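Secondary and tertiary structure notes
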Amino acid sequence: MIRLENVTKTYQAGSIAVPVLKGISAEVEEGEYVSIMGPSGSGKSTLMNLLGCLDRPTTGEYDLNGRAVSGMEEKDLAALRNRWIGFVFQQFHLLPRMSARRNVELPLIYAGLSKKEREQRAEEALVKVGLQDRKNHLPAELSGGQQQRVSIARALVNRPRLLLADEPTGALDTASGDRVLDLFDGLHREGRTVIVITHDPEVAQRAQRQIEIRDGEMIKDSGRDIEKEGVR
Amino acid sequence: MNLWENFKMALDSIRSHKMRAFLTMLGIVIGVASVLIIVAIGEGGTDRLTESFAGAGNTINVMPSQDVQMSHNGQLPPDFITRQDIRDLEDLPSVKRVATASYESLDVRFREKKSEGTMVLGINNNVYMDMSDESVAQGRRFQAADFRRGNAGAIISHKVKEDLFPDKQPVGQIIRVGQQPVRIIGVLDSPDGIFGSLQQSQVYLPDQTWRNVIGKNQINQVVIQAESADQIRQAGDAAIQVLERNHRTEGDYEVMNLDQLVKGMNQVARIMTIVIGSIGGISLLVGGIGVMNIMLVSVTERTREIGIRMSLGATRGQILTQFLIESVTLSVLGGIVGILLAYGATSLIALLSPLPAVVSPAVATGAVLFSILFGVVFGLLPANKASRLNPIECLRYE
């Protein structure tokens, strides 16, 4: 489903080029549950942005479901994000002035669904995360764990193939974090591809496959053998 | 995503920043309202101008030519128009009536009270008073018999009444015009509203009486009323022919068509409307810049929202549309409030002054279209800025 081939990302800081990813190659099959671990500054967030089609690699190839993301137009990237990918962020990133249900509806607005359809699907997604009775609450009226579950409902509502989570438990207490991770387990069992980025080994252990990156290079992949320089 | 969704989002966003939205709209509100009010007053003023001259009804002024005026210090030369001329003019088929006016400035007294420098007018029929839009508030107008007598009564203006009869009924009293006693038969209505301050001291007398009272035999003004509007030119040409024949001169007489005067004054009124209207337009422009400014602030403030929306699949075009519609909604709301304000203000003006100020539906529609245009023009820059943001940086934005 995901194929990265010698992907690099270099940022320009003034006149200095800062290489953040130095040639990552990996494959993720459909239905896998993968964690990407690494200390801050290791490039894991940049990798997540690339995987989430928020950004394009400087060099190298990224194929998502057989489509080359590297050469895509902005508009096609937006469509990919909308239909294929669901994001879960550490800071939840809910729109504060909208109710839980309307937050969950957002991806469907961009997908062009009718109001009726949107409401129905949003409620289904909220049922799935166990928050159907909180649908009319504003984010500020919900606990951190509840907000994160709303954001998971939002990530799922357009039935994406890939769920990308960036430190999903980073802002939560242990109990709420466990509940979120339980949800991920369930989604994985349903056959969704889940990629969790974290620096917390306990969170990483919940995945079937652990990838570790450091200084922009993959140093460990429990699923595959990696040679030095991160090239298979 | 359709426009309706965008519009609802815009309303949400405006609702959640009520105070700010209100202040932003204020510039547009004031701009639209001032333009509409100014245009309304301008149109109303033009209407009134046209109306007052239309009331004059197909009239033309007979005047001495430039050369004759020059040689007589701007006055009518003696015998410029004689009684015989008037009779000949009235015999013309295209002429309905001929009105003459004779002026003299004199002091008018009632017992110890004095109205200084009063304009004493002698008129040969009621046409002149009709043209000046004068109506009698007390007593009566001149009747046919008054014009045939040499000792008829006088009609005084409201100002003269105030000067001489502050607390007394003037009709029936005898005043002195110069040295001659004249009985008052009527009092004119006071001009209403803001024109009240412009009122003059005037005493009207039928022309025979005027000649006896003043002791002079001059005619200062001749106005010819044509039978109908399409006979104005014909009447004017015929009048000049008659006058030139009677006086055996050529080129001494000219007619001035009041329609031309009206057109000229309308032009002046239009230019005034344009000038003042464009000042209003500038305030609209400032209002628009206000919208742009606030929208730029709003874009910065909502950087994170933009990032979230992009991560959920919003295209740059959709972000652009969202902010554009928000600025259009803001300025159109402002425009509508401005129109309501203008309606209120013009109704008040119409109530308190003689100016019939009207906001025409066409102008109001124009204002709404203009607000939409303003919203687009001044929303483009902020919306473009929003759509060009990098989603990753937006998501990181605190």
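Cut-offs used in this document
- Residues numbered from 1 in each chain as written.
- Chains lettered and ligands numbered in written order.
- Predicted model: local features only at pLDDT ≥ 70, side-chain atom pairs only at ≥ 80, totals over all residues.
- Heavy atoms only, no water.
- UniProt positions renumbered as here; feature names shortened; annotations may be inferred.
- Helix = DSSP H or I, 4+ residues; strand = E, 2+ residues; numbered from the N terminus.
- Buried < 20%, exposed > 50% of the residue type's maximum accessible area, 1.4 Å probe, protein only.
- Areas by Shrake-Rupley, 256 points an atom, 1.4 Å probe, with all protein chains shown as cover.
- Contact = heavy atoms within 4.5 Å.
- pLDDT = per-residue confidence, 0-100.
- Core = buried A, V, L, I, M, F, W, Y, C linked by side-chain atoms within 4.5 Å.
- Buried area = accessible area lost by both parts, 1.4 Å probe.
- Salt bridge = Lys/Arg side-chain N within 4 Å of Asp/Glu carboxyl O.
- Polar contact = N/O pair within 3.5 Å; in protein donor to acceptor, adjacent residues only side chain to side chain.
- Nonpolar A, V, L, I, M, F, W, Y, C, P; charged D, E, K, R; others polar.

The name an unreviewed UniProt entry assigns to chain B is Macrolide ABC transporter permease, from the organism Paludifilum halophilum. UniProt lists a comment for chain B under the heading Sequence similarities (unreviewed entry), and it reads "Belongs to the ABC-4 integral membrane protein family." Its UniProt record gives chain B the following Subcellular location (unreviewed entry) comment, quoted word for word: "Cell membrane".

Looking up chain A in an unreviewed UniProt entry gives the name Macrolide ABC transporter ATP-binding protein, with the organism given as Paludifilum halophilum.

**Some remarks on the overall build of chain B**
Secondary structure summary: chain B contains 14 helices and 10 strands in total. Within the span of chain B, comprising 398 residues, buried residues form 47% of the whole. Accessible surface, chain B: about 19700 Å² in total, of which carbon and sulfur atoms supply 57%.

**Let's talk about the overall build of chain A**
When you go through chain A residue by residue, the secondary structure sums to seven helices and 10 strands. Taken over 232 residues, chain A has a buried fraction of 56%. Within chain A, contacts between residues at least 6 apart in sequence are counted, and of these 69% link residues at least 24 apart. Total accessible area computed for chain A in this model is approximately 10100 Å², and 45% of it derives from carbon and sulfur atoms.

**Remarks on the UniProt feature "transmembrane region" (unreviewed entry) in chain B**
Residues and elements named next belong to chain B. Per the UniProt annotation, the sites labelled "transmembrane region" (unreviewed entry) are residues 21-42, 271-298, 319-352 and 358-381. Each end of residues 319-352 is marked by a C-alpha atom, and these two atoms are 49 Å apart; helix forms 100% of the span and strand 0%. Here residues 358-381 is 88% helix and 0% strand, with 36 Å between the C-alpha atoms at its ends.

**Brief notes about the confidence of the model for chain A**
When pLDDT drops low, the exact placement of atoms in the prediction is not to be read closely. All names here are of chain A. Of all residues in chain A, 96% attain a pLDDT of 70 or more, and the chain-wide mean is 90. The least confident element of chain A, judged by mean pLDDT, is strand β5 (residues 67-68) at 89; the most confident is helix α5 (residues 144-156) at 95. Long-range and interchain partners of residues 227-232, a stretch whose pLDDT sits below 50, account for eight contacts in this model, where long-range means more than four residues apart.

**Re the nonpolar core**
Within soluble globular proteins, side chains that are nonpolar tend to cluster in buried spots. All names here are of chain A. The biggest cluster of nonpolar side chains holds 74 residues, and the ones touching the most others in it are I2, L51 and L64. Excluding residues within four positions of it along the chain, L64 makes contact with M1, I2, C53, V69, L80, W84, I85 and L162. Counting residues in hydrophobic clusters, the runner-up holds 32 residues, among them Y33, L94, L142 and V203.

**Digging into the interface of chain B and chain A**
Listed as interface residues are 23 residues of chain B and, on the opposing side, 24 residues of chain A. Note on chain B versus chain A: buried area summed over both sides is about 2200 Å², and carbon and sulfur give 58% of it. The interface formed by chain B and chain A contains four salt bridges. When the shortest N-O distance is used, the salt bridge between E5(B) and R118(A) registers 2.8 Å. At the junction of chain B and chain A, the tally comes to nine residue pairs in polar contact (both at pLDDT 80 or more). Among the elements of the structure, α1 (3-16), α11 (303-311), α12 (316-352) and α14 (391-396) of chain B are those that each provide at least two residues to the side of chain B that touches chain A. If one sorts the elements of the side of chain B that touches chain A by residue count, α11(B) sits on top with six residues. Residue composition of the side of chain B that touches chain A, by class: eight nonpolar, seven polar and eight charged.

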